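Observations on chain architecture
Okay, here's what each chain looks like letter by letter:
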Amino acid sequence: MKKIVLPAYNPNILRAVMSLRVEEAPVPEPGDNEVLIKVYAASCNPSDIAFMAGSYNVVKSLPAVPGFEGSGIVTEVGAGAENYYGKKVSFFTQQDEDGSWAEYVCTKTSNLLILDESMDMDQAACFAINPFTARGLLDIALLQNTPAVVQNAAGSQVASFIRKMASELDVSVIDIVRKEETAQLLKKQGSKYVLLESDPEFDKKLSEWSKKLDARLAFDAVSGSMSGRIINAMPEGSELVVYGGLSNKPVTDVHPLGLIFKDKVISGFNLGSWRQLLDDEYFEEISRELQQHFIAGDYQTRIQGKINFENVIKGLSQYLKNMSKGKVLIANE
Ligand SMILES: NC(=O)c1ccc[n+]([C@@H]2O[C@H](COP(=O)([O-])OP(=O)(O)OC[C@H]3O[C@@H](n4cnc5c(N)ncnc54)[C@H](OP(=O)(O)O)[C@@H]3O)[C@@H](O)[C@H]2O)c1
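A short tour of the structure in this document, coming up. Computed from a predicted structure; not experimentally measured.

1. Thoughts on the overall build of the protein
Scanning the protein from N- to C-terminus turns up 12 helices and 15 strands. Against the 2.2 N^0.38 benchmark of 20 Å for 333 residues, the protein shows a C-alpha radius of gyration of 20 Å, consistent with a compact globule. Here the C-alpha coordinates of the protein stretch approximately 60 × 45 × 40 Å along the principal axes. Scored against the burial criterion, the 333 residues of the protein give a buried share of 52%. Partitioning the contacts of the protein with sequence separation of at least 6, the portion at a separation of at least 24 is 68%. Surface accessibility of the protein: about 15300 Å² in total, with carbon and sulfur atoms responsible for 49%. Here the protein holds 34 positive side-chain charges and 43 negative ones, and the gap between their average locations is 9 Å.

2. Considering the site of the ligand
The environment of the ligand is made up of 27 residues, and the closest members are Arg178, Leu271, Tyr319, Ser324 and Lys327. Backbone polar atom of alanine 221 to an oxygen atom of the ligand: 3.5 Å apart, as the coordinates give it. Here an oxygen atom of the ligand sits 2.6 Å away from a polar atom, N or O, in the side chain of lysine 327. Mapped onto the shell around the ligand, the elements with two or more residues apiece are helix H4 (130-144) and helix H5 (157-168). For the shell around the ligand, a count of residues per class yields 12 nonpolar, 11 polar and four charged.

3. Some details on the nonpolar core
Counting residues in hydrophobic clusters, the biggest one holds 95 residues, and the most contacted among them are Met52, Trp101, Phe132, Leu137, Val150, Leu206 and Ile230. Here this core takes six residues from H4, the largest share from any one element. Those residues in contact with isoleucine 230 that lie beyond four places of it in its chain are Val150, Asn152, Ile176, Leu206, Ala218 and Leu240. In terms of nonpolar packing, the next biggest core, distinct from the first, is built from seven residues, Ala154, Val177, Ala183 and Leu186 among them.

4. Observations concerning the side chain of asparagine 45
Position of asparagine 45 relative to the elements: it lies in the loop between strand S3 (34-43) and helix H2 (46-53). A relative accessible area of 2% means that asparagine 45 is categorised as buried. A distance of 2.8 Å separates polar atoms of two side chains, one belonging to asparagine 45 and the other to glutamate 69. Here the side chain of asparagine 45 touches lysine 327 through a polar contact of 3.0 Å, side chain to side chain. Beyond its immediate stretch of four places on either side in the chain, asparagine 45 contacts Glu69, Ile129, Asn130, Tyr319 and Lys327.

5. Observations concerning the side chain of arginine 135
When you line up the elements, arginine 135 lands in helix H4. Apart from residues lying up to four places away in sequence, arginine 135 is in contact with Met165, Trp274, Tyr282, Ile286 and Glu289.

6. Topic: the sheet that holds strand S11 (residues 215-220)
What the six strands build is an open sheet, ordered S10-S9-S8-S11-S12-S13; its pairing is parallel. What marks the edges here is a single partner per strand, and that holds for strand S10 (193-196) and strand S13 (265-268). With strand direction ignored, the average angle separating the axes of adjacent strands in the sheet is 20 degrees. In the sheet, S11 pairs with strand S12 (residues 239-242) via four bridges, with the strands oriented parallel. Paired with alanine 218 across the two strands is leucine 240, which belongs to S12. Those strands touched by helix H7 (residues 202-213) are strand S8 (148-151), strand S9 (172-177), S10 and S11, and its axis lies near 160 degrees from that of S10.

7. Some remarks on the packing of aromatic side chains
Considering all chains together, one arrives at 10 aromatic pairs under this definition. Ring plane angle 70 degrees and centroid distance 5.3 Å describe the contact between tyrosine 193 and tryptophan 209, whose orientation is recorded as edge-to-face. Here the residue tyrosine 193 occupies a position in strand S10, and tryptophan 209 occupies one in helix H7, the gap between them amounting to 16 residues. Using a relative accessible area of 14% as the deciding quantity, one classes tyrosine 193 as buried.

8. Comments concerning the environment of glutamine 151
Here glutamine 151 lies in strand S8. Along the backbone, glutamine 151 and aspartate 175 are 24 residues apart, and their C-alpha atoms lie at a distance of 5.3 Å. Dropping the residues within four chain positions of it, glutamine 151 is found in contact with Ala159, Ile162, Arg163, Val173, Ile174, Asp175, Ile176 and Phe219.

9. Quick word on the pairing of strand S5 (residues 88-92)
Of all five residues in S5, four are buried; the element is thus mostly enclosed. Sheet analysis places strand S4 (residues 69-77) next to S5, joined by five bridges and oriented antiparallel. Considered in S5, the bridge of isoleucine 73 is made with lysine 88. Pairing geometry for S5 and strand S7 (residues 112-114), over three bridges, is antiparallel. Each residue of the ladder has a partner; that of phenylalanine 91, found in S7, is leucine 112.

How each quantity is defined
- Residues numbered from 1 in each chain as written.
- Predicted model: local features only at pLDDT ≥ 70, side-chain atom pairs only at ≥ 80, totals over all residues.
- Heavy atoms only, no water.
- Helix = DSSP H or I, 4+ residues; strand = E, 2+ residues; numbered from the N terminus.
- Rg over C-alpha atoms; globule rule 2.2 N^0.38 Å.
- Buried < 20%, exposed > 50% of the residue type's maximum accessible area, 1.4 Å probe, protein only.
- Contact = heavy atoms within 4.5 Å.
- Areas by Shrake-Rupley, 256 points an atom, 1.4 Å probe, with all protein chains shown as cover.
- Lys, Arg positive; Asp, Glu negative; His and termini not counted.
- Charge placed at Lys NZ, Arg CZ, Asp CG, Glu CD.
- Near = heavy atom within 4 Å.
- Polar contact = N/O pair within 3.5 Å; in protein donor to acceptor, adjacent residues only side chain to side chain.
- Nonpolar A, V, L, I, M, F, W, Y, C, P; charged D, E, K, R; others polar.
- Core = buried A, V, L, I, M, F, W, Y, C linked by side-chain atoms within 4.5 Å.
- Pairing = 2+ DSSP bridges.
- Axes fitted to C-alpha atoms, helices over the stretch in contact; angles between N-to-C directions.
- Phe/Tyr/Trp six-rings, centres within 6.5 Å; stacked < 30°, edge-to-face > 60°.

Have a look at this one:
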C-alpha cells in the first residue's frame, strides 16, 4: 500500500509539507479490538499542520504518517472487533500509530464512528473532529445560557458549524476574520456582525456589539494578542474559551484587571476531553443526529479540492494559502 511519510518535524510549515514523501509499505494487520480501514479520503486540519511543524500536543516517533481523521470501509477485524466488519466509518486517530494519510490504516474500535449508509464519504472524511468540536463548544454556550457568542477565525469550518448550530438555538454570533474577502463572504451568507482584525475600530466595535447582544462567551482559535483584545473588549463576567492556536503564539495582552475585578475567565477546550465526559450512548446519539443533518444537506464541510498521493505537496500548499476556501482531501483513487 501507499502511505505519506513525514521524515522530520519542521517549524517552517512549508518546508515540512515539501518534505512529505510517498512510500510503499505492507498493509498493517489489526490487533485485538482493532480494525483495518481501507481509507476513502483523509482530511488536513490545522492540527495536522501544527503536528508537522512539531508544535502540537501529539508527537509521534519519526518517520510518521500524518492525518488525524478520515473515512473508509472496515476490511479486516481483530479479535473483539468482529461487529465492525464491512462498516462504513469515520475515524479519529491520534495515538503513536500511523495516521490517516495512507491507503490503509489500523485503529482501535473506540476511534470509530459508524456511518449511516447515506452518508457522503467526502463529508465523512471531515466528520469525526470539527462538527463535534462545534457541538462541544455550543454546549458551553447552552450551559451558560448566553444569548450571543464571539468567535475568531470565523472563516473556518468549525466556525461555520458554530454559526449554523447557534442559529438553531437562537444564539447570535459576532464573527472575527483576518481577510476582507472572508468578511465579504460571511456577510453574503447572512452574518450580521462581522469584524476584521485590522479594523482600526476593532476594540470599540467589539465592545459595543458584545454589550448590545450580551455576548459573554468567546471561542478563540487564534490565541496570541487576539485573545487579550477579545476578552478585554467583552462585558463583565465574560469567558474566553481557547480551543486553537492558529497564530502559533502564546495567549497574551489579557488585561489583569478584567480577571481580578470583572470576573472574566480564560479557559481551554479540546474535543478529546469533552468526549470523555459523555457516555458512549449519548455520544452515539449526537453522532446520529449530526449525520442526519449532513444527509439532509443542512450541515456541510466546505471542500476546496481532492488530491491523490502524488499531488499531496501541491494540494496542501494550496490549503495553506487559503484555508477559508475549504478542506483539501487526500483521496485514494
Ligand atoms: N480544541 C479542539 O479540540 C479542536 C478541534 C477541532 C479544531 N480545533 C481548532 O479549530 C480551529 C479551526 O479549525 P478548522 O479545521 O475549522 O480550520 P479550517 O477550516 O482549516 O480554517 C482555518 C481558518 O483559520 C484562519 N486562520 C489561519 N491562521 C490564522 C491566524 N493566524 N489568524 C487568524 N485566522 C487564521 C483561516 O483563515 P484564512 O483563510 O485567512 O487563512 C481559516 O479561516 C483550529 O484552530 C483548530 O486547531 C480545535
